[in-house]
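As a plain string of letters, each chain reads:
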Amino acid sequence: MYDFANSGYTTVLLTAVFNAYFVSVVARNADWATFAWTVALSISYAIVMVIGPILGAWADAHAAKKRLLAISTVLCIGGTLALVWAGPGTVAWAMFWIVVSNVFYSMGENLIAAFLPELARPEALGKVSGWGWSLGYFGGILALAVSLAWVMTAESRGSTTSLAVPGTNIITAVIYGLAALPTFLWLKERAVPAAVPGTRAALARLMRTAREARRYRDLLLVFACGVFYQAGVATVIALAAIYAEQVMGFQTRDTIILIIVVNVTAAVGAFGFGYAQDRIGKVWALRITIVGWIAMTVLAYFARTTGLFWIAANIAGLCMGSSQSAGRALVAYFSPPERSAEFFGLWGVATRLAAILGPLTYGAVTWLTGGNHRLAILLTGAFFVISLVILAFVSESRGRSQVS
């Protein structure tokens, strides 16, 4: 249910609606607008890279994942609501609250993932992770569908599509808060506090991990692989709506409909590949999805018609659900259960570094080339190629044996 709850934030704010609104309305289509958006995201991810592992280790030491999850949820919702006041020219305000809300969204994502080893047997991690990601996409669909209804009825209220966009932040925040309630009411913290909890104990855990890094060779390779394939994924999530509107000429309504359909295919991908991961192996499942991502970037580059772009977008949806689920399950499979929050904090470092590297590269390319989004999406494919090469050195059986 938490996957269901927080998906609206990424779907509405980062993927489909507010990002395009930031470029076209808040930044008034300036040449630097896309770059400014990626800078805001990069700052937020840099913050998460620093504090994520420390908070993860602290949560393990104190058995406080649920407590920190509640704090991050409240602060993300608060930052989302603050963006209601983002309008033409309020670039600094919008960038500040995107940073705040995305920092605490990302912290919540790390913490909820750390519950996975407590909730599923090792042989069922892929399946259970897939259930979560699949249900999560339906949360994104719900938030988008309600937002679409709000935007499409703007004229009947005497407003415009652009003026209706801030209201979608309220919709997202309300759905986030309500859908997260079952997690806080019924999810149990099964971890046990360390004998000597505290900040020093948390830092000692991190130092221990650093000393034992060689022991977790395959997990470190997964982290490295994640930096590159997640860089591509983060780019698509952050800039899909901008690409659709700037290159393909989509209107806000068209973009929302596209993202709703893509969320359905993503849910199918997450659910189906959740079972496939446990059958064919998590590494092979991840490898297949990365190949799909490469195909998507090539199709998007050559797309001159909306039909071909729709095909590329739905391939991205299938790969998004499966690759995100497979990555989370693989980290859980290679991590000691008693240190899950710490290791997912480190996974968060990898994915947030990716979220800086990918979108910032895309934004810089569009800025330096005068808005060449096609070249930027083609270069995004290079991240997936690199990740595929790194993944070739990961052994699933060896990685699992390193846990004990």
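Residues numbered from 1 in each chain as written. Predicted model: local features only at pLDDT ≥ 70, side-chain atom pairs only at ≥ 80, totals over all residues. Heavy atoms only, no water.

A closer look at helix H10 (residues 217-246)
Note the following rule: Numbering goes from the N terminus for both helices and strands, where a helix is a DSSP run of H or I of at least four residues and a strand is a run of E of at least two. Multiplying 1.5 Å by the helix residue count minus one yields the expected span of that helix. A residue's bend is the angle separating two fitted axes: one through the seven residues that end there, the other through the seven that start there. Classification of residues uses two cut-offs on accessible area relative to the type maximum, computed with a 1.4 Å probe and protein chains only: under 20% is buried, over 50% is exposed, and between them is partly exposed.
With 30 residues, H10 should reach 44 Å at 1.5 Å per residue; the first-to-last C-alpha distance of 42 Å fits that figure. Most pronounced at Leu 239, the bend in H10 amounts to some 60°. Burial of H10 is extensive: 23 of the 30 residues sit out of reach of the surface.

Let's talk about a nonpolar patch on the surface
The line we're drawing: Residues forming no salt bridge and having over 30% relative accessible area are the ones grouped into patches, like charges within 9 Å of each other and nonpolar side chains (Val, Leu, Ile, Met, Phe, Trp, Tyr) within 5 Å. Methods summary: accessible areas were calculated by the Shrake-Rupley approach with a probe of 1.4 Å, and residue burial reflects only the protein chains presented. Whenever Lys or Arg places a side-chain nitrogen within 4 Å of a carboxyl oxygen from Asp or Glu, that contact is recorded as a salt bridge.
A cluster of nonpolar side chains, contributed by Leu 81, Ile 170, Val 174, Leu 178, Leu 181, Leu 185 and Trp 186, occupies part of the molecular surface with about 720 Å² of accessible area. Take the nonpolar patch: its biggest share by element is six residues, from helix H8 (residues 161-186). As for its position among the elements, Leu 181 is in helix H8. By relative accessible area, Leu 181 is classed as partly exposed at 43%.

Structural notes on the nonpolar core
Counted only if it meets this: Within this scheme, the nonpolar core is defined by two criteria: the residues are buried Ala, Val, Leu, Ile, Met, Phe, Trp, Tyr or Cys, and they are joined through side-chain atoms within 4.5 Å. The criterion used for residue contact is that any of the two residues' heavy atoms lie within 4.5 Å.
Counting 124 residues, the largest nonpolar core has Leu 14, Phe 18, Phe 22, Trp 37, Ile 98 and Trp 293 as its most contacted members. With 15 residues, H10 is the single largest residue contributor to this core. Dropping the residues within four chain positions of it, Ile 98 is found in contact with Tyr 9, Leu 13, Leu 14, Phe 18, Trp 37, Ala 40, Leu 41 and Leu 83.

Points about the environment of Ala 82
Within the secondary structure, Ala 82 sits in helix H4 (residues 65-82). Judged by relative accessible area, which is 8%, Ala 82 ranks as buried. Residues Ala 82 and Leu 388, 306 residues apart in the sequence, show an inter-C-alpha distance of 40 Å. With residues up to four places along the chain from it excluded, the contact list for Ala 82 reads Trp 93 and Trp 97.

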